[in-house]
Amino acid sequence: MREDLLELFYWFHRHPELSYEEFGTTEKIREVLNGMGVGLLPVGLETGLVAEVRGALPGPVQALRCDIDALPIAEQSGLSYASETPGKMHACGHDFHITAGLGAIGLLLENRERLCGSVRVFFQPAEESSLGALKVLEKEEAMAGVERIWGFHADPTNPVGTFGIREGSVTAAVDRFVITVTGRGCHGAHPDDGVDPIPAAAAMVQAFQTIVTRNINPFHPALISVTRLEAGNTWNVIPQTAQLEGTVRTMEKADRELFERRVREIAERTAAAYGAAASVEWIPGPPAVCNDRGMAEFAEKKAKEQGFLVVPEEQSLGGDDFSFYMEKVPGCYVKVGTGVGPTIHQPDFKVDPRAIEVGSRYLAGVLLG
Ligand code: NI
């Protein structure tokens, strides 16, 4: 492997930065790209960059997305190049994404005479916020003329040299809800003087699960998780309000719409049945990542040509804001085996550095066509 890429990977791993705070990361990427003589689009992102490699031959504009942010996790990997920032860690492999992206750019430069069209590489901020892609999409020049987009993710369920590829849905639409149930506070010993919001909230938690089991087609992956339930602040007072927060994950557009409608109906009508009221705040996140069929077939062919193993990409009800780009142009999101080990977002997550060369070579091969 090229030593400079390995050193860069160690540097990015040692210096994790959270969503929207990737200033040092951006500067480092800028320095490397300047050193390579790669043009940057003057899109004016606060963090993140858009690089462009122009081929010698006419052809389309393709894009490659590499996300760059880290997570608020205290690293416990035991690596010699572990995070030097307490409480922050590249636990989702985005340091690998940056490095493989830079490696691919290097290979595209070496093969510029046979590159058709140009390749724009989005070093995208804040993927973990699930809305960072919108920062890039806000800058119209970034997507101008782009015909298709490629994305990839580190995959700790497969060894280096194995690629997970699938046409159709691979990650879920990510929605968030916050529900406030309002009753009437009173003495804990005199519930008849008020309206207790807690039984209403508890009934909702139970009833929401029937959306998956009774409303959604049983063959469609979907879930709802209530992840926060708060009410009251002492033992002998019935509180005025209760609050529920959580997430809904769906793969199909129609299921997504159905889910929002049913959450609102169940919340409002259950509250009413208990004499309380409910207000529902629905916060939509990215839609499902749905791979273009032709691109997925091409991605698979290129992996096999390079002698790699291709396995069906695991579907996940996790999300990726890569899907926002796919609302504009066809795209394909592949999983790059980074060595079997602890899963992403765990404090002992690791990327096998051998995946950098494999990923760079593969991505450059796909982009060269
Ligand atoms: Ni990630």
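Overview of the structure. Quick caveat: nothing in here was measured; it's all calculated off a predicted structure.

### Re the coordination of the nickel ion
Part 1 of the reasoning: Taken together, Cys92 (SG), His94 (NE2) and His153 (NE2) make up the protein donors of the nickel ion, found 2.1 to 2.2 Å from the metal.
Part 2 of the reasoning: Summarised as a motif, the one-chain spacing of the donors to the nickel ion is C-x1-H-x58-H.

### What to know about the sheet that holds strand β5 (residues 146–155)
Part 1 of the reasoning: Read from one edge of the open sheet, eight strands run β1-β2-β4-β3-β5-β16-β6-β15, paired in mixed fashion. In this open sheet, the two strands that pair with only one neighbour each are β1 (39–40) and β15 (309–312).
Part 2 of the reasoning: Where strand β2 (residues 49–54) and strand β4 (residues 116–124) come together, six bridges link them in antiparallel fashion. Looking across to β4, one finds that Val53 is bridged to Val119.
Part 3 of the reasoning: Packing against the sheet, helix α3 (residues 94–110) makes contact with β2, β3 (57–67), β4, β5 and β16 (331–337), and its axis sits at approximately 130° to β5.

### Overview of the sheet that holds strand β12 (residues 241–250)
Part 1 of the reasoning: Ordered by their spatial adjacency, four strands build an open sheet running β10-β12-β8-β13, and the pairing between neighbours is antiparallel. Two strands in the sheet have a free side with no partner beyond their single neighbour: β10 (222–231) and β13 (277–284). For this sheet, the mean inter-axis angle between neighbouring strands, taken without regard to orientation, is 20°.
Part 2 of the reasoning: Each of β8 (173–182), β10, β12 and β13 touches helix α6 (residues 197–215); the most contacted strand, β10, lies at about 170° to it.
Part 3 of the reasoning: Contacts from helix α7 (residues 253–273) reach β8, β10, β12 and β13 within the one sheet, and its direction differs from that of β13 by about 160°.

### A short note on the packing of aromatic side chains
Part 1 of the reasoning: Overall, the coordinates contain twelve aromatic pairs when judged by the stated rule.
Part 2 of the reasoning: Taking the centre distance of 6.3 Å and the plane angle of 45° together, the rings of Trp150 and Phe298 count as tilted. With Trp150 in strand β5 and Phe298 in helix α8 (residues 293–305), this pair connects stretches of sequence that are 148 residues apart.
Part 3 of the reasoning: Residue classification places Trp150 among the buried positions, given a relative accessible area of 5%.
Part 4 of the reasoning: Here a set of aromatic residues connected by ring pairs shows up, and it is made of Phe122, Phe322, Tyr325 and Tyr333.
Part 5 of the reasoning: Lying across the ring of Trp11, Lys28 places its NZ or CZ 4.9 Å from the centre.

### Some remarks on the pattern of salt bridges
Part 1 of the reasoning: Overall, the coordinates contain 22 salt bridges when judged by the stated rule.
Part 2 of the reasoning: The partner of Arg120 in a salt bridge is Glu52, with the nearest N and O atoms 2.9 Å apart. Pair noted here: Arg120 is in strand β4 and Glu52 is in strand β2, with a separation of 68 residues, a long-range link. Taken as a pair, Arg120 and Glu52 share a single burial class, namely buried.
Part 3 of the reasoning: One salt bridge connects Arg354 with Asp352, and the closest N-O pair in it is separated by 2.6 Å.

### Brief notes about the environment of Glu230
Part 1 of the reasoning: One can find Glu230 in strand β10.
Part 2 of the reasoning: For Glu230, a relative accessible area of 47% translates into the label partly exposed.
Part 3 of the reasoning: For the pair formed by Glu230 and Ala242, sequence separation is twelve residues and the distance between their alpha carbons is 5.7 Å.
Part 4 of the reasoning: The residues touching Glu230, leaving out its near neighbours within four places in the chain, are Ala242 and Gln243.
Part 5 of the reasoning: Polar side-chain contacts of Glu230 include one of 3.3 Å to the side chain of Arg228.

### Quick notes on helix α10 (residues 354–368)
Part 1 of the reasoning: Look at α10: 22 Å from first C-alpha to last across 15 residues, which is about the 21 Å you get at 1.5 Å a residue.
Part 2 of the reasoning: Trailing α10 by a residue or two, Gly369 shows a phi angle of about 80°, which is positive.

Reading the values: the criteria
Residues numbered from 1 in each chain as written. Predicted model: local features only at pLDDT ≥ 70, side-chain atom pairs only at ≥ 80, totals over all residues. Heavy atoms only, no water. Donors = N, O, S within 2.8 Å, 3.2 Å for Na, K, Ca; no water. Pairing = 2+ DSSP bridges. Helix = DSSP H or I, 4+ residues; strand = E, 2+ residues; numbered from the N terminus. Contact = heavy atoms within 4.5 Å. Axes fitted to C-alpha atoms, helices over the stretch in contact; angles between N-to-C directions. Phe/Tyr/Trp six-rings, centres within 6.5 Å; stacked < 30°, edge-to-face > 60°. Buried < 20%, exposed > 50% of the residue type's maximum accessible area, 1.4 Å probe, protein only. Lys NZ or Arg CZ within 6 Å of the ring centre and 35° of its normal. Salt bridge = Lys/Arg side-chain N within 4 Å of Asp/Glu carboxyl O. Polar contact = N/O pair within 3.5 Å; in protein donor to acceptor, adjacent residues only side chain to side chain. Expected span 1.5 Å × (residues − 1).

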